[in-house]
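What follows is the residue order along each chain.
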Amino acid sequence: MFRAAIFISLLLQVQTALPQDILRGYIFTEQQEPLVNASIQSQSNSSFTYSNSKGYFELDTESLKQIQIEIRFLGYVSVDTSFKLPNQQAIVIQLKPDANTLEEVRVVESEVTADQKEAPNVVSIELNDMDLVTSANMDFNQILKTLPGVSSNNELSSSYQVRGGNFDENLVYVNDIPVYRPFLANTGRQEGLSFVNPSLVENIAFYAGGWESKYGDKLSSSLNITYKEPDQLEGNVVGSLLGGSLYLGNRANNDRISYLVAGRYRDTQYLLNSLEVEGAYFPRFTDVQSLITADLTKKSLSQRNKTKLYWLNSYSRNRYLTLPTSQVTEFGSVVTNLRIQTAFAGRETLAYDTYQTGINLNHIWSERLASQFVASAVVTQEQENFEVEGAYRLCDIDNNPSSASFDDCVITRGIGSQYDFGRNSLNANLIYLENRNTWLLDEYNVLEIGAGVSTTFIKDSINEFSFQDSALFVDFTEVIFNEVDLTYENYFGYVQYTHFNEDSTHRLHLGTRINYWTPNNKILFSPRFNYTFQPKKENAARYTFSVGLYQQFPFYRELRDFSGSINTKVDAQRSLHIIAGIEKTLEMWGRPFLLSSQVYYKSITNLIPYDIENMRLRYYTDLDAIGFATGVDVRLNGEFVPGTQSWFSFSLLNTQEKLLDYDFGWQRRPTDQRVQVGVYFEDHLPDDPTWRVYLNLQFGSGFAFGPPGDLALRGKFQGDEYYRADLGLSKRISFQQFFFNQGTIRLEVLNAFGADNTLSYTWIKDVTGASFAIPNSLTARLINLKLSLSL
């Protein structure tokens, strides 16, 4: 049984069967908040357990007719009570604060747990109110952007960059099923909802690099999301000025089946009206998701969860329409102030529908062997139509306050127009199959083997052009036209060996992945090594070292050049990760904190250079390049305020590349953000934790940029800093006689500092041929009101 316990809890993360005679219950405060890690001990048979993040527990009763239990939690009065058995209903127990305790003390399950210490290079996040994260787009990815090594300068998008990588270099799994982001979205305001529904999230495991061989083949990061398995009827409804969501979950069929059904609606018209580009915005983004979890073990067997199935389904419908009318942007220096006034005519529309389904079937063959089968399919249909003409006037502004023409245009530098036209459509089908097997050799050695195949079908019709016109020249003309019909397969496999010694002071992961991509008929090997050392003494630091090769075959964007042509001769990009880290548990104010830091170096070969145009990545498929990324990430997290979860992150990054066909030397990459600071902070009133304050803060130095099409000047200029603070104030209310058990009213101040952040730059020339980078700003300060009702 000892071997089986290690096998199931440490390796497969599949729960073993619960005893048939168990007492189930919940531990709450008087404010209906769950108590995490409350101890429940039986006085009748000496069984013992703890409550989880929902306050839920299960205690073995050994078929007793009556059981006496004692419940303890620091800062609360202990409860000693008894129950008659069998008891099929979950009991609910409220603990009262200890009058001798000066402040509320609450232990929140966080990174300072055994699970977090099992895998190297992983950051685990567990928030009680994931659906109430303060953000402009109602997306939990805003939490990821506060983690070290993660950066983004666009609150309208759920996309993020990790340690110098780009949006296309991140793996995302939900219950081990891979999920994908849209193809055609060019701007953050078009992107819509990310796949992950925050209301359904149970926990998050995020790797900023150095993940194990059993995970996939992207260059930068791996995000593993686990959705909930509800214990009983639960659900909530959330509504705000930016949209809303609802979900419902329950168990059925003698607790062998659990289900989650959720829907979201997002309308960012209120948010987009704060942009500098004035006009009529009609964004409508909706999605529906479901997760069914079924225990397929035969009823005659005493052990449950021997065969378990997860079935995930999703449909998203995104519609975006804008009718721009005008834009006024002022920029320049203290000495020279410039203003560009633009009048628009035309429209821009985007429509995409995405269907995703996947199953994850787990089976435990014996105490030593278990298997997992994952299958998924994605169908996406996307259309992008735009025809917009803008007539602009660029002039100098009189910045002398004593002048009669103060703040007026005094010198006209240029008058012209810009015309953009596009009729693009894309249909893509993706099929993914994988088998994973885990074999427990003995108590301290594990072997994992897996193999799979993915097939991609792409049909893309590209028809777009643009030009700028002035009195003396027509410039920046671009014509892209192509019809793409592409099919390819990627065969992959992995083998991984894990060893940990008897006292778990040493832990070793050694493995490799193998890939074969049909367009270029190449076979790649990606060896990976992870080592963890933690001395066997109280409060000892944990040391990690990782080195591994990560190779990413082109997906689709990497194959398409600036003219729309497909280059299937492109090799897989290759990144060698070298990471050293240290984690130390600290005790401050009588509570545990986790201080983690990592230094890393990534050597990148077969690099495909690219330019970033808002959210569109445009690759130079005909250029050969090498690059590197190096930096330091630091994070401190814990209960800065009792009963809350907060953290502070700091990152330094330097990422550059060299074009091998040119003598330009090393150039800053488009994702080179040298300094990044992230803060997620929670607070509450000392005497009333139902009143809470949330702060989500980001600061990042400017990204590198340059004029489009000029290889010599790529990354020569420094963009503006990005800083943003989103504040939330919430009040939780419990209902005694109502369909819902509790509600939360939340007031949010988005972009509380009123920062005028720059997303991208538009380049124009005046009559003398001088080029100007016109900044495109993001959203202004806004107030949002949110209401949440929970069962």
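About the cut-offs
Residues numbered from 1 in each chain as written. Predicted model: local features only at pLDDT ≥ 70, side-chain atom pairs only at ≥ 80, totals over all residues. Heavy atoms only, no water. Helix = DSSP H or I, 4+ residues; strand = E, 2+ residues; numbered from the N terminus. Buried < 20%, exposed > 50% of the residue type's maximum accessible area, 1.4 Å probe, protein only. Contact = heavy atoms within 4.5 Å. Pairing = 2+ DSSP bridges. Salt bridge = Lys/Arg side-chain N within 4 Å of Asp/Glu carboxyl O. Patch = residues over 30% accessible without salt bridge, like charges linked within 9 Å, V, L, I, M, F, W, Y side chains within 5 Å. Areas by Shrake-Rupley, 256 points an atom, 1.4 Å probe, with all protein chains shown as cover. Disulfide = S-S within 2.5 Å. Polar contact = N/O pair within 3.5 Å; in protein donor to acceptor, adjacent residues only side chain to side chain. Axes fitted to C-alpha atoms, helices over the stretch in contact; angles between N-to-C directions. Core = buried A, V, L, I, M, F, W, Y, C linked by side-chain atoms within 4.5 Å. Phe/Tyr/Trp six-rings, centres within 6.5 Å; stacked < 30°, edge-to-face > 60°.

*Asks:* Run through the environment of Gly700, naming residues and quoting values.
*Replies:* Tracing the backbone shows Gly700 in strand β36 (residues 688-700). With relative accessibility at 1%, the residue Gly700 sits in the buried group. Gly700 sits 27 residues away from Gln673 along the chain, and the two C-alpha atoms are 6.7 Å apart. Setting aside residues up to four positions removed in sequence, Gly700 forms contacts with Gln673, Val675, Gln676, Glu721 and Tyr722.

*Asks:* I'd like a rundown of the pairing of strand β39 (residues 722-734), residues and numbers included.
*Replies:* One face of the sheet, then the other: side chains in a regular strand alternate in exactly this way. Direction of pairing for β36 relative to β39: antiparallel, over a ladder of 10 bridges. Looking at β39, one finds that Leu695 is bridged to Leu727. For β39 and strand β40 (residues 742-750), the ladder comprises 8 bridges, and the chain directions are antiparallel. Each bridged residue has a counterpart across the sheet, and for Gly728 the counterpart in β40 is Glu748.

*Asks:* Let's hear about the pattern of salt bridges: which residues, and what values?
*Replies:* All told, the structure shown has 29 salt bridges when counted by the stated rule. One salt bridge in this structure joins Arg339 and Glu330, with 2.7 Å as the shortest N-O distance. Of the residues examined, Arg339 reaches a relative accessible area of 10% and is grouped as buried. Take Glu330: its relative accessible area is 48%, and that puts it in the partly exposed class. The partner of Arg746 in a salt bridge is Glu748, with the nearest N and O atoms 3.1 Å apart.

*Asks:* Residues and numbers for a nonpolar patch on the surface, please.
*Replies:* On the surface, Leu241, Tyr270, Leu685, Trp691, Val693, Leu729, Ile733, Ile745, Leu747, Ile783, Leu785 and Leu787 cluster together into a nonpolar patch covering about 990 Å² of accessible area. Those elements that provide at least two residues to the nonpolar patch are β36, β39, β40 and β43 (782-790). If you tally residues by element for the nonpolar patch, the top one is β43, at 3 residues. In this fold, Leu747 is placed in strand β40.

*Asks:* Residue-level account of the state of the cysteines, with values.
*Replies:* Summed over the entire model, instances satisfying the criterion amount to 1 disulfide. Covalently, Cys395 is tied to Cys409 through a disulfide, its sulfur atoms 2.0 Å apart. Pair noted here: Cys395 is in strand β21 (residues 369-397) and Cys409 is in strand β22 (residues 409-442), with a separation of 14 residues, a long-range link.

*Asks:* Give me the lowdown on the side chain of Asp726, citing residues and values where you can.
*Replies:* Relative to the elements of secondary structure, Asp726 occurs in strand β39. For Asp726, a relative accessible area of 4% puts it in the buried group. Of the polar contacts made by the side chain of Asp726, one reaches the side chain of Arg724; its length is 3.2 Å. Non-local contacts of Asp726, meaning those with residues more than four positions away in its chain, are made with Thr134, Ser135, Ala136, Tyr694, Leu695, Asn696, Val749, Leu750 and Asn751.

*Asks:* Account for the sheet that holds strand β4 (residues 56-60), naming residues and giving values.
*Replies:* Spatially, 3 strands are ordered β4-β1-β7 in an open sheet, and the strand pairing comes out mixed. At either end of the open sheet lies a strand with only one pairing partner, and these are β4 and β7 (91-95). Each adjacent strand pair in this sheet contributes to an overall mean axis angle of 35 degrees, direction not counted. Two strands pair when backbone bridges link them, and strand β1 (residues 22-29) and β7 are joined in this way by 5 bridges, in the parallel orientation. Counterpart to Phe28 in the pairing with β7 is Gln94.

*Asks:* How would you sum up the nonpolar core? Please name residues and give values.
*Replies:* One recurring pattern in soluble globular proteins: nonpolar side chains tend to sit buried together. By size, the foremost hydrophobic cluster in this structure holds 35 residues, and its most contacted members are Phe206, Leu223, Ile225 and Tyr227. Excluding its chain neighbours within four sequence positions, the residues that come into contact with Ile225 are Phe140, Tyr173, Val174, Asn175, Val196, Val201, Asn203 and Ile204. Counting 23 residues, the second-largest nonpolar core is a separate cluster that includes Leu430, Tyr488, Val570 and Ile608.

*Asks:* I'd like to hear about the packing of aromatic side chains, residue by residue, with values.
*Replies:* Throughout the structure, instances matching the rule amount to 27 aromatic pairs. Plain terms: the ring middles of Phe705 and Phe717 are 5.9 Å apart, the flat faces sit at 40 degrees to each other, and that makes the pair tilted. One end of the pair, Phe705, is in strand β37 (residues 704-705); the other, Phe717, is in strand β38 (residues 717-718), with 12 residues separating them in the sequence. Note on Phe705: relative accessible area 17%, which makes it buried.

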